Amino acid sequence: MWLIFALLSAIFAALTSILAKVGIDGVNSNLATAIRTVVVVAMAWGMVFLTNAQSGIAEISKKSWIFLILSGFATGASWLCYYKALQVGEASKVVPIDKLSVVITLILAFIFLHEEFTAKSLIGCMLITAGTLIMVL
């Protein structure tokens, strides 16, 4: 089931880039990010209430609150930078660089989460990096 959601995530991320590139024309990138964020917040809370998950708020630990808030700051910074890059650059160049997050995530997961970094992971990281360079240069 995770694979289906991961593939849907990739499809929606691709649509996000194309729709954003068209929508950001003539709009301040920070304002565009704020508008997008309001929509995301509404959708996320809609799903919370639709699935009746709001009662779980009281059960969230202090550690989880801290890391979820930090993740929110990282998401905000990523989106602000992404929209600015998308506004001034070509989507076909911005998006591959943005997807280097896959490589960075694997490295950070190895360092901080002590996840296994295999030869397959290393080869994949090198191929993603090489592919990004080929697409951008």
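Now for a quick tour of the structure. If you're wondering where the values come from, they're calculated on a predicted model, not measured in any experiment.

How each quantity is defined
- Residues numbered from 1 in each chain as written.
- Predicted model: local features only at pLDDT ≥ 70, side-chain atom pairs only at ≥ 80, totals over all residues.
- Heavy atoms only, no water.
- Helix = DSSP H or I, 4+ residues; strand = E, 2+ residues; numbered from the N terminus.
- Contact = heavy atoms within 4.5 Å.
- Salt bridge = Lys/Arg side-chain N within 4 Å of Asp/Glu carboxyl O.
- Buried < 20%, exposed > 50% of the residue type's maximum accessible area, 1.4 Å probe, protein only.
- Core = buried A, V, L, I, M, F, W, Y, C linked by side-chain atoms within 4.5 Å.
- Patch = residues over 30% accessible without salt bridge, like charges linked within 9 Å, V, L, I, M, F, W, Y side chains within 5 Å.
- Areas by Shrake-Rupley, 256 points an atom, 1.4 Å probe, with all protein chains shown as cover.
- Axes fitted to C-alpha atoms, helices over the stretch in contact; angles between N-to-C directions.
- Parallel < 35°, antiparallel > 145°, perpendicular 65-115°, else oblique.
- Left-handed = near helix turned anticlockwise from the far one by under 90°.
- Nonpolar A, V, L, I, M, F, W, Y, C, P; charged D, E, K, R; others polar.
- Phe/Tyr/Trp six-rings, centres within 6.5 Å; stacked < 30°, edge-to-face > 60°.
- Lys NZ or Arg CZ within 6 Å of the ring centre and 35° of its normal.

1. Describing the environment of V48
Move 1: Take V48: it is sitting in helix α2 (residues 29–50).
Move 2: For V48 and F117, which are 69 residues apart along the polypeptide, the C-alpha to C-alpha distance reads 34 Å.
Move 3: Setting aside residues no more than four positions away along its own chain, V48 makes contact with A53 and Q54.

2. Re the pattern of salt bridges
Move 1: Across all of its chains, the model carries one salt bridge by this definition.
Move 2: Across the salt bridge formed by D98 and K99, the nearest N and O atoms sit 3.4 Å from each other.
Move 3: By relative accessible area, D98 is classed as partly exposed at 25%.
Move 4: Looking at K99, the relative accessible area reads 36%, which means it is partly exposed.

3. Some points on the nonpolar core
Move 1: A20, I24, A32, Y82, Y83, L86, A91 and V94 form the largest nonpolar core, which has eight residues in total.
Move 2: Ignoring any residue separated from it by four or fewer positions in sequence, one finds L86 in contact with S17, A20, K21, A91 and V94.

4. Things to note about a nonpolar patch on the surface
Move 1: Taken together, the side chains of V41, W45, F49, I57, W65, I66, F67, I69, L70 and F73 define a hydrophobic patch exposed on the protein surface, amounting to about 1,000 Å² of accessible area.
Move 2: Those elements that provide at least two residues to the nonpolar patch are α2 and α3 (62–88).
Move 3: Here the element with the most residues in the nonpolar patch is α3; it accounts for six residues.
Move 4: Locating V41 in the fold gives a position in helix α2.
Move 5: Judged by relative accessible area, which is 43%, V41 ranks as partly exposed.

5. Observations concerning the packing of helix α5 (residues 101–112) against helix α6 (residues 119–136)
Move 1: Running from N to C, α5 and α6 point in directions that differ by 150°, and their axes come no closer than 9 Å. If you check the angle between α5 and α6, you find them roughly antiparallel. For the pair α5 and α6, the sense of crossing is left-handed. Here V102, V103 and L106 of α5 lie close against α6, whose contacting residues are C125, I128 and T129.
Move 2: Residue classes in the contact of α5 with α6 are distributed as five nonpolar, one polar and no charged.

6. Looking at the packing of aromatic side chains
Move 1: For the structure on display, the rule yields three aromatic pairs.
Move 2: Ring centres of W45 and F49 lie 6.0 Å apart, and the angle between their planes is 35°; this geometry places the pair in the tilted category. Here F49 and W45 lie together in helix α2, a separation of four residues that amounts to about one turn.
Move 3: Against the face of W79 rests R36, its NZ or CZ located 4.1 Å from the ring centre.

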